[in-house]
Amino acid sequence: MYDPSQLRTFLAVAQTLSFTQAARRLGLRQSTVSQHVRRLEDTAGRQLFSRDTHSVELTEDGEAMLGFARRILEAHEQAAVFFTGTRLRGRLRFGASEDFVLTRLTEILEGFRHDHPEVDLELTVELSGTLHEQLADGKLDLVLAKRRPEDPRGELVWHDRLVWIGAERLRLDPERPVPLIVYPPPGITRALALEALERQGRAWRIACTSGSLNGLIAAARAGLGVMAHSRGLVPPGLVRVPDRAGLPELGEVDFVLVHAKRHTAAKSAADALASSILAGGVRLHRTR
């Protein structure tokens with residue numbers, strides 16, 4: 001009933017909230033992306049996106065279609081693997097940024113391990129900047145991490161805005177330096193937060209530094225300060241800092257998949273895992 005190619009296009013648009021970005025990711029014309037979405041909407045008999053010249057948003061029916069599309073494509077991939085008889089083997093060195101510690105990435109990895117039991121998956125969780133460095137040094141085969149929007153590296157999984165978050169009871173004194181909870185260098189959110197405060201001319205101080213997302217969350221929940229974080233991944237127990245606090249805009253960030261430049265024995269396994277992440281990427285917006 002539902003064409004897999006149309007479902008893949010739907011997921012790409014849902015994850016990027018952009019027909020242009022989805023077309024770039026899939027290697028299609030934007031008109032083809034629009035056609036796929038229109039045909040899927042005709043098949044479902046429901047509008048899946050509300051869109052105008054400035055924005056694209058999922059409708060309630062579009063949200064419902066996300067789960068169905070993911071499960072249909074997973075079943076389609078499992079059938080293809082079973083009947084073609086192709087079995088991936090070898091070692092795959094996969095790096096994921098700290099941002100995904102509290103998301104449902106584990107479900108995607110579990111599904112990958114189930115479909116490809118002969119692949120030895122080695123997971124490294126680190127700062128995005130560190131992962132990009134390790135990939136360049138040949139220590140990883142595939143990375144799921146953040147990048148600045150102007151950075152051309154990688155295949156877009158989704159685009160998000162950074163926001164300031166902290167404990168609900170936290171109150172900032174405008175006369176005192178902003179207390180920051182940050183990753184150590186080369187953390188991308190750290191750099192963007194400091195740059196934004198410097199542009200505003202706002203004084204700041206480092207209240208807590210940790211290479212662990214759980215460490216940063218603990219400090220934020222204790223009311224030690226504020227942290228820059230993806231709007232779509234705000235951890236439980238923390239809230240967005242209200243605009244009246246006067247903190248500067250942080251800008252946007254991309255979450256991307258980046259493959260090793262060198263052709264390695266793990267390329268086929270890396271391609272398969274990348275496809276699983278792109279198909280199930282919507283789950284990465286959901287915390288556990």
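Structure shown above.
This section reports on the structure supplied with the text. Here the residue index of a chain counts from 1 through its sequence in written order. In view of the model being predicted, local features appear only for residues whose pLDDT reaches at least 70, and side-chain atom pairs are presented and counted only at 80 or more, with totals across whole chains, interfaces and linings using the full set of residues. Hydrogens and water molecules were not included; the side-chain quantities draw on all heavy atoms of the structure.

## Here's the deal with the overall build of the chain
Right, so step 1: Strands here are runs of E lasting at least two residues and helices are runs of H or I lasting at least four, both read from the DSSP assignment and numbered beginning at the N terminus. Each helix and strand counted, the chain has nine helices and 11 strands in total.
Right, so step 2: Within these notes, the globule rule equals 2.2 Å times the number of residues to the 0.38 power, and the radius of gyration is based on C-alpha atoms. For 288 residues, the compact-globule formula gives about 19 Å, and the C-alpha radius of gyration of the chain, at 20 Å, lands near that figure.
Right, so step 3: Each principal axis of the C-alpha atoms in the chain carries an extent, and together these give about 65 × 45 × 30 Å.
Right, so step 4: With a 1.4 Å probe rolled over the protein chains alone, any residue whose accessible area is under 20% of its type maximum counts as buried; one over 50% counts as exposed, and the rest are partly exposed. Buried positions account for 47% of the 288 residues belonging to the chain.

## With respect to the environment of His54
Right, so step 1: Residue placement: His54 occurs in the loop between β1 (49-51) and β2 (56-58).
Right, so step 2: For the pair formed by His54 and Ser18, sequence separation is 36 residues and the distance between their alpha carbons is 9.7 Å.

## So, the packing of helix α2 (residues 19-26) against helix α3 (residues 30-44)
Right, so step 1: α3 packs onto α2 with a crossing angle of 105° between their chain directions and a minimal axis gap of 8 Å. In terms of axis orientation, α2 runs roughly perpendicular to α3. From α2, Phe19, Thr20, Ala22 and Ala23 reach across to α3, where they touch Gln30, Val33, Ser34 and Val37.
Right, so step 2: Residue composition of the contact of α2 with α3, by class: five nonpolar, three polar and no charged. To get an axis, a line is fitted to the C-alpha atoms, and for a helix only the part in contact is used. The angle between two axes follows their N-to-C directions and goes from 0 to 180 degrees. In this scheme, roughly parallel covers angles under 35 degrees and roughly antiparallel covers those over 145, while 65 to 115 is roughly perpendicular and the rest are oblique. Residue contacts follow a heavy-atom distance rule, with two residues in contact if any of their heavy atoms lie within 4.5 Å. Amino acid classes used here: Ala, Val, Leu, Ile, Met, Phe, Trp, Tyr, Cys and Pro are nonpolar; Asp, Glu, Lys and Arg are charged; the rest, including Gly, are polar.

## Focus: the packing of aromatic side chains
Right, so step 1: Aromatic pairing here means that ring centres of Phe, Tyr or Trp (its six-membered ring) are within 6.5 Å. Orientation follows from the plane angle: under 30 degrees is stacked, over 60 is edge-to-face, and everything else is tilted. Taken as a whole and assessed by the stated rule, the structure comprises five aromatic pairs.
Right, so step 2: In this structure an aromatic cluster arises from ring pairing among Phe10, Phe19 and Phe49.

## Regarding helix α9 (residues 267-279)
Right, so step 1: Given the number of residues in a helix, its expected span is that number minus one, multiplied by 1.5 Å. With 13 residues, α9 should cover 18 Å at 1.5 Å per step; its first-to-last C-alpha distance of 18 Å lies within 8% of that length.
Right, so step 2: Among all positions of α9, only Ala269, Ala270, Ala272, Leu273, Ala274, Ser276, Ile277, Leu278 and Ala279 are buried.

## A closer look at the environment of Ala196
Right, so step 1: Mapped onto the elements of the fold, Ala196 is located in helix α7 (residues 188-200).
Right, so step 2: Linking Ala196 and Cys208, residues 12 residues apart in sequence, is a C-alpha distance of 18 Å.
Right, so step 3: Among all residues touching Ala196, those that are not within four sequence positions of it are Pro248, Glu249 and Leu250.

## Focus: unusual backbone geometry
Right, so step 1: Backbone torsion omega between Pro185 and Pro186 reads 5°, so that peptide bond is classified as cis.
Right, so step 2: On the secondary structure map, Pro186 appears in the loop between β7 (178-182) and α7.
Right, so step 3: The residue Leu17 is not glycine, and still its phi comes out positive at about 50°.
Right, so step 4: Here Leu17 shows up in the loop between α1 (4-16) and α2.
Right, so step 5: Its relative accessible area of 35% is what places Leu17 among the partly exposed residues.

## A look at the side chain of Asp151
Right, so step 1: Inspection of the secondary structure assignment puts Asp151 in the loop between β5 (142-147) and β6 (155-166).
Right, so step 2: In this structure Asp151 comes out as buried when scored by relative accessible area, which is 15%.
Right, so step 3: Here a polar contact is recorded for every N or O atom pair within 3.5 Å, except that within protein the pair must consist of a potential hydrogen donor and a potential acceptor, and residues adjacent in sequence are included only if both atoms are side-chain atoms. Among the polar contacts made by the side chain of Asp151, one reaches the side chain of Arg153 at a distance of 2.6 Å.

## Details of the environment of Glu57
Right, so step 1: Among the secondary structure elements, Glu57 is positioned in strand β2.
Right, so step 2: On the basis of relative accessible area, Glu57 is assigned to the partly exposed category, the value being 40%.
Right, so step 3: Sequence-distant contacts of Glu57, defined by excluding residues within four places in its chain, comprise Leu17, Leu48, Phe49 and Ser50.

## Remarks on the packing of helix α5 (residues 105-115) against α9
Right, so step 1: Axis separation between α5 and α9 bottoms out at 10 Å; the angle between their running directions is 135°. Classified by the interaxial angle, the pair formed by α5 and α9 is oblique. Note that α5 runs across α9; the crossing there is right-handed. The segment α5 lies against α9, with Ile108, Leu109 and Phe112 engaging Ala269, Ala272, Leu273, Ser276 and Ile277.
Right, so step 2: For the contact of α5 with α9, the residue count by class is seven nonpolar, one polar and no charged. The sense of a crossing depends on the near helix, which, turned anticlockwise from the far helix by less than a right angle, makes the crossing left-handed and, turned clockwise, makes it right-handed.

## Description of the nonpolar core
Right, so step 1: We define the nonpolar core as a collection of buried residues of types Ala, Val, Leu, Ile, Met, Phe, Trp, Tyr and Cys that are connected through side-chain atoms lying within 4.5 Å of one another. Residues Phe94 and Trp164 are the most contacted members of the largest nonpolar core, which totals 44 residues.
Right, so step 2: Where this core is concerned, the elements lending two or more residues are β3 (90-97), α5, β5, β6, β7, α7, β11 (252-259) and α9.
Right, so step 3: With seven residues, the single largest contributor to this core is α9.
Right, so step 4: Among the nonpolar cores identified, the runner-up in size contains 20 residues, and Phe19, Ala22, Ala23 and Met65 belong to it.

## Regarding α2
Right, so step 1: Among all positions in α2, only Phe19, Ala22, Ala23 and Arg25 are buried. The arc that holds every buried residue of α2, seen down its axis, measures 160°, which confines them to one face.
Right, so step 2: Looking at the buried positions of α2, the neighbouring elements they touch are α1, α3, β1, β2, β6 and α9.
Right, so step 3: In this structure Ser18 caps α2, since a side-chain oxygen of it lies 3.3 Å from the backbone nitrogen of Thr20. For this quantity, the arc is that covered by the directions from the helix axis to the C-beta atoms.

Scope: geometric values only; no functional claims are made or implied.
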